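As a plain string of letters, each chain reads:
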Amino acid sequence: MPPIDTFTRKLQSDGPYEAHQFLRTAANRLVKTKKYNDALTLLHAAAIALFQRGEGASGIDLAIYAIEVLDADGKTPGDQVSVTVNPAGTTSSARQIPTRDFALELLTACPQSEITRTRLVKKIISWQKSSSTAADPEWGDAEMQERLGDLLASEGDVAGAERHLLLAGTETSQKKLVDILYSWYASLDPTQQSPSNAAAILGRIVLPFLTADRPREALDCARQFVSSLAAVQASGDVETVAIDAGSVEEGKVMIVKTMPLVNFLSWLAVLCVRARNKVELYARLRNAYKATLEADQELDNAWRDALADIALKYFGIRPQRSNNMLAEMMGSLFGGGGGGAGGQQRQQPQIDSAGLD
């Protein structure tokens, strides 16, 4: 009797635990003899059958094993595998299926309510990163990331979708990411649609792209987000400003006068694209928005590390440190500033902030 038939019989007569253990043993034998496609057929069919029976944990275990078999077979997200459709039926047939589809079919079959589902998501992410041909493996396979983001977005998991769409880094994933996060902002109670919350949401897109040295993506996303914001503002509250008199289109920023920290992020993205290593322009931008950012303590704290990284990466500006290490340590311990009485304070450049609205 074929293993999948035995599994089905055990599932009906002996229960899910016995069926699960039998199927795993059968898959192990196939993997040891490198019959990977046969193992994948078994694991795929059995995992889905268990999900349909409400046996989420057992189904997750077999689905994770299936992803491990893909890895053992050297399959990448761009490859295909041969899987038998309806292996327990009389009309079974082989089909070539992209490995991305194979992995996502397993994830889609798993109920959202299954608390161990995140284990499968993590395994899929680990596999597609380790087998990715991307320049930066941390970003993984762009199509796989985008499709994971699409799936999670369709299920209402905004935070999960956000991460994968960000890592996809494609033109279409960027648009989806901005649409999702702007829709989230627009769905807030009107009392929560504040300039600070708008900036916080835009920062979740712009700052990760900038710290990953993807300034063009940051700028494109900022423009799309601000364009959506501007569409619901009074006409007098929106204007377009250029970084300099001769600026081309990419050097222009749409300003929403009531949202200064949104404007700050837009300007920051423009500078990282158009004015890399121009320290004076960056200093002018920081000085123009220094008081506004410091007044929003939550954003000031949340953005501090990312802004320090961006200052170093794009403008060669290292974080300022006091020369008095003891005073700095004490200030750190007791919540004070880093500059003690013996520390020499560096003078900030005195740059006019005109034009940075």
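Remarks on the overall build of the protein chain
Then, number 1: Check the secondary structure of the protein chain and you find 15 helices and 4 strands.
Then, number 2: When contacts within the protein chain are restricted to residue pairs at least 6 apart in sequence, long-range pairs at least 24 apart make up 58% of them.
Then, number 3: Summing over all exposed atoms, the protein chain offers an accessible surface of approximately 17,900 Å²; the carbon and sulfur share of this is 49%.

Describing helix α13 (residues 279–295)
Then, number 1: Here α13 is 17 residues long and its end C-alpha atoms lie 24 Å apart, about the 24 Å a rise of 1.5 Å per residue gives.
Then, number 2: Maximal helix bending in α13 amounts to about 50 degrees, located at Y289.
Then, number 3: Residues of α13 that are buried: Y282, A283, L285, Y289 and L293.
Then, number 4: Contacts made by the buried residues of α13 are with α12 (260–274) and α14 (297–315).

Structural notes on the environment of V83
Then, number 1: Counting through the fold element by element, V83 comes out in strand β1 (residues 80–85).
Then, number 2: Looking at V83, the relative accessible area reads 2%, which means it is buried.
Then, number 3: Here the alpha-carbon distance between V83 and A45, two residues 38 residues apart in the chain, equals 9.5 Å.

Section: unusual backbone geometry
Of all residues except glycine, most have a negative phi; of all peptide bonds, most are trans.
Then, number 1: Non-glycine residue D213 carries a positive phi angle of around 60 degrees.
Then, number 2: Within the secondary structure layout, D213 lies in the loop between α10 (195–211) and α11 (215–230).
Then, number 3: Residue classification places D213 among the partly exposed residues on the basis of a relative accessible area of 39%.
Then, number 4: Located in the positive-phi region is N277, a residue other than glycine, with phi close to 70 degrees.
Then, number 5: Tracing the backbone shows N277 in the loop between α12 and α13.

Here's the deal with the packing of helix α7 (residues 142–154) against helix α9 (residues 171–187)
Then, number 1: The contact between α7 and α9 brings their axes to 10 Å, and the two run at 25 degrees. With respect to α9, the element α7 is oriented roughly parallel. In the packing of α7 onto α9, the handedness of the crossing is left-handed. Touching E146, D150 and A153 of α7 are T172, S173, K176 and I180, all from α9.

Remarks on the packing of helix α8 (residues 158–168) against α9
Then, number 1: Viewed as axis vectors pointing N to C, α8 and α9 meet at an angle of 150 degrees, and their least axial separation amounts to 8 Å. Relative to α9, α8 is oriented roughly antiparallel. By crossing handedness, the relation of α8 to α9 is classed as left-handed. Between α8 and α9, the residues in contact are V158, A161, E162, L165, L166 and A168 and S173, K176, L177, I180, L181 and W184, respectively.
Then, number 2: A class-by-class count of the residues in the contact of α8 with α9 yields 9 nonpolar, 1 polar and 2 charged.

Observations regarding the confidence of the model for the protein chain
Then, number 1: On average, residues of the protein chain score 84 in pLDDT, and 82% of them reach the 70 mark or higher.
Then, number 2: For the stretch residues 329–355, pLDDT sits under 50, and the model shows 30 contacts to residues farther than four places along the chain or on other chains.

Rules and cut-offs
Residues numbered from 1 in each chain as written. Predicted model: local features only at pLDDT ≥ 70, side-chain atom pairs only at ≥ 80, totals over all residues. Heavy atoms only, no water. Helix = DSSP H or I, 4+ residues; strand = E, 2+ residues; numbered from the N terminus. Contact = heavy atoms within 4.5 Å. Areas by Shrake-Rupley, 256 points an atom, 1.4 Å probe, with all protein chains shown as cover. Expected span 1.5 Å × (residues − 1). Bend = angle between axes of the 7 residues up to and from the residue. Buried < 20%, exposed > 50% of the residue type's maximum accessible area, 1.4 Å probe, protein only. Axes fitted to C-alpha atoms, helices over the stretch in contact; angles between N-to-C directions. Parallel < 35°, antiparallel > 145°, perpendicular 65-115°, else oblique. Left-handed = near helix turned anticlockwise from the far one by under 90°. Nonpolar A, V, L, I, M, F, W, Y, C, P; charged D, E, K, R; others polar. pLDDT = per-residue confidence, 0-100.

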